Amino acid sequence: MATIEECRAALDRLAENLAGAKGELRDAATPDRSLSCHITDLDVTFTGHLVGGHIQDVETQQGTPERRAEIALTTAGDDLVALVDGRLNFAKAWAAGRVRVQASLRDVLRLRSLL
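Computed from a prediction, not measured in an experiment: that's the story for all the values here. (Residues numbered from 1 in each chain as written. Predicted model: local features only at pLDDT ≥ 70, side-chain atom pairs only at ≥ 80, totals over all residues. Heavy atoms only, no water.)

A look at the overall build of the protein
The helix and strand tally for the protein stands at five helices and five strands. In sequence order, the protein lays out its α and β elements as α-α-β-β-β-β-α-α-β-α. Residues classed as buried in the protein amount to 42% of the 115 residues present. Restricting the contact set of the protein to residue pairs at least 6 apart, pairs at least 24 apart contribute 57%. Accessible area of the protein: about 6,400 Å², with a carbon and sulfur share of 48%. (Helix = DSSP H or I, 4+ residues; strand = E, 2+ residues; numbered from the N terminus. Buried < 20%, exposed > 50% of the residue type's maximum accessible area, 1.4 Å probe, protein only. Contact = heavy atoms within 4.5 Å. Areas by Shrake-Rupley, 256 points an atom, 1.4 Å probe, with all protein chains shown as cover.)

Notes on unusual backbone geometry
Positive phi is not limited to glycine here, since Asp-43 has a value of about 50°. Along the chain, Asp-43 turns up in the loop between β1 (33-39) and β2 (44-51). Judged by relative accessible area, Asp-43 falls into the partly exposed class, the value being 39%. Non-glycine residue Asp-57 carries a positive phi angle of around 55°. Secondary-structure assignment places Asp-57 in strand β3 (residues 54-62).

Quick word on the packing of aromatic side chains
Here the structure, examined in full by the defined rule, presents one aromatic pair. An angle of 25° between the planes, with centres 6.1 Å apart, marks the rings of Phe-90 and Trp-94 as stacked. On the criterion of helical spacing, the pair formed by Phe-90 and Trp-94 is a turn pair, its members being four residues apart in helix α4 (residues 90-95). Owing to a relative accessible area of 39%, Trp-94 belongs among the partly exposed residues under this scheme. (Phe/Tyr/Trp six-rings, centres within 6.5 Å; stacked < 30°, edge-to-face > 60°.)

Some remarks on the environment of Asp-78
Position of Asp-78 among the secondary structure elements: in helix α3 (residues 77-85). Expressed as a C-alpha distance, the spacing of Asp-78 and Asp-41, which sit 37 residues apart in the sequence, is 9.1 Å. Apart from residues no more than four positions distant in its own chain, Asp-78 is found in contact with Met-1 and Ala-2. One polar contact links the side chain of Asp-78 to the main-chain amide nitrogen of Ala-2, over a distance of 2.7 Å. (Polar contact = N/O pair within 3.5 Å; in protein donor to acceptor, adjacent residues only side chain to side chain.)

Digging into the sheet that holds strand β4 (residues 71-75)
One open sheet accounts for five strands, arranged β3-β2-β1-β4-β5; its pairing is mixed. Only two strands of the sheet have a single neighbouring strand rather than two, namely β3 and β5 (99-102). With strand direction ignored, the average angle separating the axes of adjacent strands in the sheet is 15°. With seven bridges connecting them, β2 and β3 associate as antiparallel partners. (Pairing = 2+ DSSP bridges. Axes fitted to C-alpha atoms, helices over the stretch in contact; angles between N-to-C directions.)

The structure is reproduced here in structure tokens:
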């Protein structure tokens, strides 16, 4: 089971990927959106803001977030790490219920292209 530190490191790698994105991937990373990522097996949530291709103001809190973010991801820690590392396909994980996303359809398609 992934630790809180490993999950935070995966989110940091995702932020680096977003910052270095080019072309269509850069377009997918540019909208300003509130983000949350609830790690089910640790019962911890990371919240922040996607601004200009960067994840900013990341905070960690126990349990589920008080308010819903515009892009809300729910997954196990190991699955988050595997998604960011490219070992788990986002579409297959989503179809299998290993990753849940609450967002507009457009944001889901953007997220899919980033992961």
